[in-house]
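# Fold and geometry: a report
One letter stands for each residue in the lines below.
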Amino acid sequence: MSRSRLTAGLVAGTAAALVLSACGGSDPLSSGGGDGDTIVVGSQDYYSNEIVAEIYAQALEAEGHDVDRQLRIGQREAYVPELESGDIDLFPEYTGPLLQYWEPKTKARLTDEVYTALEDATPDGLRVLDQADATDQDSYVVTRQFAEKWDLRTIADLAKVTEPLTLGANSEAENRPNGPKGLQDAYGVKADFAPIEDGGGPLTVKALKDDDVQLAIIYTADPSIKKNDLVSLEDPEGLFLASHVVPVASDDVDDDAAAVIDEVSAAMTTDALVDLNQRSVDEKLPAEKIAADWLAAQGLD
Amino acid sequence: MSTFLDALAWILDPSSWGGSQGIAVRVAQHLAITVAAVLLAAVPAVPLGVLIGHTRRGRGVVVALAGAVRAVPTLGLLTLLALLLGVGVWAPLLALVALAVPSLLAGAYAGVESADPEAVDAARAMGMSERQIVRHVELPLGAGVLVGGFRAATLQVVATATLAAYTSDTGLGRYLFSGLKSRDYTLMLGGAILVALLALVLDRLLAVAQGRATGLARRTAADSRLGA
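Residues numbered from 1 in each chain as written. Chains lettered and ligands numbered in written order. Predicted model: local features only at pLDDT ≥ 70, side-chain atom pairs only at ≥ 80, totals over all residues.

### Some points on the overall build of chain A
A count of helices and strands for chain A gives 12 helices and 10 strands. Going through the 301 residues of chain A one by one, you find that 40% of them count as buried. Within chain A, contacts between residues separated by at least 24 positions form 74% of all contacts whose residues are at least 6 apart in sequence. (Helix = DSSP H or I, 4+ residues; strand = E, 2+ residues; numbered from the N terminus. Buried ≥ 20, exposed ≤ 12 C-beta atoms within 10 Å, placed from the backbone. Contact = placed C-beta atoms within 7 Å.)

As structure tokens, then:
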């Protein structure tokens, strides 16, 4: 008897708490929508994305804008509806994947065509600001030594290599368009395949350095590229979907604020993004500190 | 359920078996790396186990060490070895050797130890050398347990040999890794079923061997009683 009463009490109490919290303006995002003064900045649940969002936020604050941070929200399925409804005003995104989210059937793959298509695909009430030079996408990497030996800059240059080539990557790449098949079709480059199942991690880097593989698939913004003196090859044929850092903004971001963010994007190169990521991975610094240091170095604080 | 049926259909499809990526080649590779790992592990583990079982010395230390090795996660060890040795088949092979050692060691010393002390004393009283005692009394009497160690080690290694595909294009593990990353669950399940079947077949074969070895132990015991 007393036990069931206790249970009933708990249920009622919990329900009341839920109702109260719902009434009490617990929706943390409601303050931003429609309120032209405060800019709500969001980020993905991805350390690199959080740093970029923090940079946007601090750059805006430095110019006297009010900012509300809603960082580490989750993945695209979770936050894009919040953007579309106007609850979030500014979000660092990536051109290719965002375009594919809005237009799954798109054929655009290269930097400029992806950006143009993305401008068209962006729903009313939102717009994409200038894309940064920085990319965060899969890429073919080689060691600097190998790149210099054969004078490699783009993937197409691999045709000059007369030694047999082996590509090391997760096993699914063997049958994907960006594996040996795509390399053959798009660039006419023949390569064998060696599965290494650590997603471009330390074993892949080791295999590159040991010359067990000459090519590997690693993210352009991965700090291990710089740390191990590796080189990302350019991809003029768009084997990998172009994925530049791009801010998505609501109408609450006025021209003045947009100019601030455009300045940030203009300064953000892939090298800069790698440095930011490296400080997070190696020095374990919080995003606010990394962002503040970078803005100060750019003279944007 | 339909994934399971698809996986069975994939295994039964003759076109899945041929070629350098086919089931036949991969089963052979899987079997080869399993046998190689168990035999390589037996080289140090069995003589050491016999020595410990016979002398009854150093057991505490070795059992503790073997227990510690058992606790080492094989994937972690494999990654560490691959960082030292580079990618290829050596790192997973050595990791599998480390996995097999404790079972083989335990089988060897427990087998030798299980020999009836009276039989051992009798052999010693008859003037047998220590080497002869090991060979003609303790090993035959403990053969069933010793083979049991091989059986346990083989079962662990054949199941874990899927990790060979982590750093090299070897064995049935490749179906699991490719299937997982590309969400081809039919392929993954098919690979898993093949590993399970291979494990069952090996276990049955070794169970028969263990039965024979135990029979040998019984006959040896009976002989020694007759002799005594």
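From this point, the narrative continues.
### Remarks on the overall build of chain B
Summing up its helical and strand segments, chain B has 9 helices and 0 strands in all. When the helices and strands of chain B are placed in sequence order, the string is α-α-α-α-α-α-α-α-α. Dimensions of chain B, computed from the C-alpha atoms along their principal axes, are close to 65 × 40 × 30 Å. The buried share of chain B, taken over its 228 residues, is 43%.

### Section: the environment of Val114(A)
Along the chain, Val114(A) falls in helix α5 (residues 111-121). In contact with Val114(A), not counting residues within four places along its chain, are Thr95(A), Gly96(A), Leu99(A), Ala108(A), Arg109(A) and Ala242(A).

### Side note on the sheet that holds strand β8 (residues 215-219) of chain A
All names here are of chain A. Pairing is mixed across the open sheet formed by 5 strands, whose spatial order is β7-β6-β8-β5-β9. A strand with exactly one partner marks an edge of an open sheet, and here the two such strands are β7 (192-195) and β9 (230-232). When the angles between neighbouring strand axes are averaged without regard to direction, this sheet yields 35 degrees. In this sheet, β7 lies alongside strand β6 (residues 166-169) in parallel orientation, the contact comprising 4 bridges. Each bridged residue has a counterpart across the sheet, and for Gly-168 the counterpart in β7 is Ala-194. (Pairing = 2+ DSSP bridges. Axes fitted to C-alpha atoms, helices over the stretch in contact; angles between N-to-C directions.)

### As for the environment of Asn170(A)
You can see Asn170(A) is positioned in the loop between β6 and α7 (180-187). Linking Asn170(A) and Pro195(A), residues 25 residues apart in sequence, is a C-alpha distance of 5.4 Å. Not counting chain neighbours up to four residues away, the residues in contact with Asn170(A) comprise Pro195(A), Glu197(A), Gly199(A) and Lys181(B).

### Thoughts on the domain arrangement of chain A
All names here are of chain A. With domains assigned, chain A is organised as domain 1 (38-135 + 242-298) and domain 2 (138-232). Centre-to-centre separation of domain 1 and domain 2, based on C-alpha positions: 29 Å. Counting from both sides, the interface comprises 9 residues of domain 1 and, opposite them, 5 residues of domain 2. Per-element tally for the side of domain 1 that touches domain 2: the top contributor is helix α11 (residues 270-283), with 7 residues. In the side of domain 1 that touches domain 2, the residues fall into 3 nonpolar, 5 polar and 1 charged. (Domains from an automatic or database assignment. Nonpolar A, V, L, I, M, F, W, Y, C, P; charged D, E, K, R; others polar.)

### Some details on unusual backbone geometry
Within the chain, Asp151(A) stands out as a residue other than glycine whose phi angle is a positive 55 degrees. Looking at the element boundaries, Asp151(A) is found in the loop between α6 (144-150) and β6. On the basis of neighbour counts, which here come to 9 C-beta atoms within 10 Å, the residue Asp151(A) falls in the exposed class. At Arg56(B), a residue that is not glycine, the phi angle is positive and equals roughly 55 degrees. Mapped onto the elements of the fold, Arg56(B) is located in the loop between α2 (23-55) and α3 (59-71). Of the residues examined, Arg56(B) has 10 C-beta atoms within 10 Å and is grouped as exposed.

### Structural notes on the interface of chain B and chain A
Between chain B and chain A, the residue contacts involve 15 residues of the former and 13 residues of the latter. For the side of chain B that touches chain A, the element with the most residues is helix α8 (residues 173-181) of chain B, which contributes 4 residues. Taken together, the residues that form the side of chain B that touches chain A break down as 6 nonpolar, 6 polar and 3 charged.

### Side note on the packing of helix α6 (residues 117-125) of chain B against helix α7 (residues 130-160) of chain B
Packed helix pairs are characterised by how far apart their axes lie and by the angle those axes make with each other. Residues and elements named next belong to chain B. Their axes nearest at 10 Å, the elements α6 and α7 cross at an angle of 165 degrees. Taken together, the axes of α6 and α7 are roughly antiparallel relative to one another. The interaxial crossing formed by α6 with α7 has right-handed handedness. When α6 is examined against α7, the residues Ala-119, Val-120, Ala-123 and Arg-124 are found in contact with a partner set consisting of Ile-133, Val-137, Glu-138 and Leu-141. Tallied by class, residues from the contact of α6 with α7 come to 6 nonpolar, no polar and 2 charged. (Parallel < 35°, antiparallel > 145°, perpendicular 65-115°, else oblique. Left-handed = near helix turned anticlockwise from the far one by under 90°.)

### Here we look at α7(A)
Given 3.6 residues per turn, any residue in an α-helix points the same way as the ones three and four places further on. Residues and elements named next belong to chain A. Those residues of α7 not exposed but buried are Pro-180, Leu-183 and Tyr-187. Viewed end-on, α7 has its buried residues packed into an arc of 75 degrees, placing them on one side of the element. Of the surrounding elements, those touching the buried residues of α7 are β6 and β7. (Arc of directions from axis to C-beta.)

### Remarks on the nonpolar core
Across soluble globular proteins, nonpolar side chains have a tendency to be buried as a group. One finds Tyr56(A), Ala41(B), Leu96(B), Ala100(B) and Leu104(B) to be the most contacted residues of the largest nonpolar core, which totals 139 residues. For this core, the element with the highest residue contribution is helix α5 (residues 90-113) of chain B, accounting for 14 residues. Inspection of this core shows a minimum of three residues originating in each of domain 1 (38-135 + 242-298) and domain 2 (138-232) of chain A. Leave out the neighbours within four places in its chain, and Tyr56(A) touches Val41(A), Leu90(A), Pro92(A), Pro247(A), Ile261(A) and Val264(A). (Core = buried A, V, L, I, M, F, W, Y, C linked by C-beta atoms within 7 Å.)

### Focus: helix α4 (residues 74-85) of chain B
Spanning 12 residues, α4(B) covers 16 Å between terminal C-alpha atoms, matching the ideal 16 Å at 1.5 Å per step. With its phi angle positive at about 90 degrees, Gly86(B) sits one or two positions after the end of α4(B). (Expected span 1.5 Å × (residues − 1).)

### Digging into the pairing of strand β10 (residues 245-250) of chain A
Residue and element names in this part refer to chain A. For β10, the tally of buried residues reaches 6 of 6 residues, placing the bulk of the element in the interior. Burial along β10 is two-sided: Val-245, Pro-247 and Ala-249 and Val-246, Val-248 and Ser-250, pointing in opposite directions, are all buried. Direction of pairing for strand β3 (residues 90-94) relative to β10: antiparallel, over a ladder of 5 bridges. Residue pairing in the sheet places Phe-91 in a bridge with Val-248 of β10. With 3 bridges joining them, strand β4 (residues 126-128) and β10 adopt antiparallel strand pairing. Following the sheet pairing, Arg-127 is matched in β10 by Ala-249.

### Let's talk about the confidence of the model for chain B
Interpretation of the predicted coordinates at a detailed level should be avoided for regions scoring low in pLDDT. Residue and element names in this part refer to chain B. On average, chain B scores 91 in pLDDT, and the residues at 70 or more come to 97%. Per-element mean pLDDT across chain B ranges from 86 in α3 up to 95 in α2. Across the interfaces of the predicted complex, the ipTM metric reaches 0.73, alongside a pTM of 0.75. (pLDDT = per-residue confidence, 0-100.)

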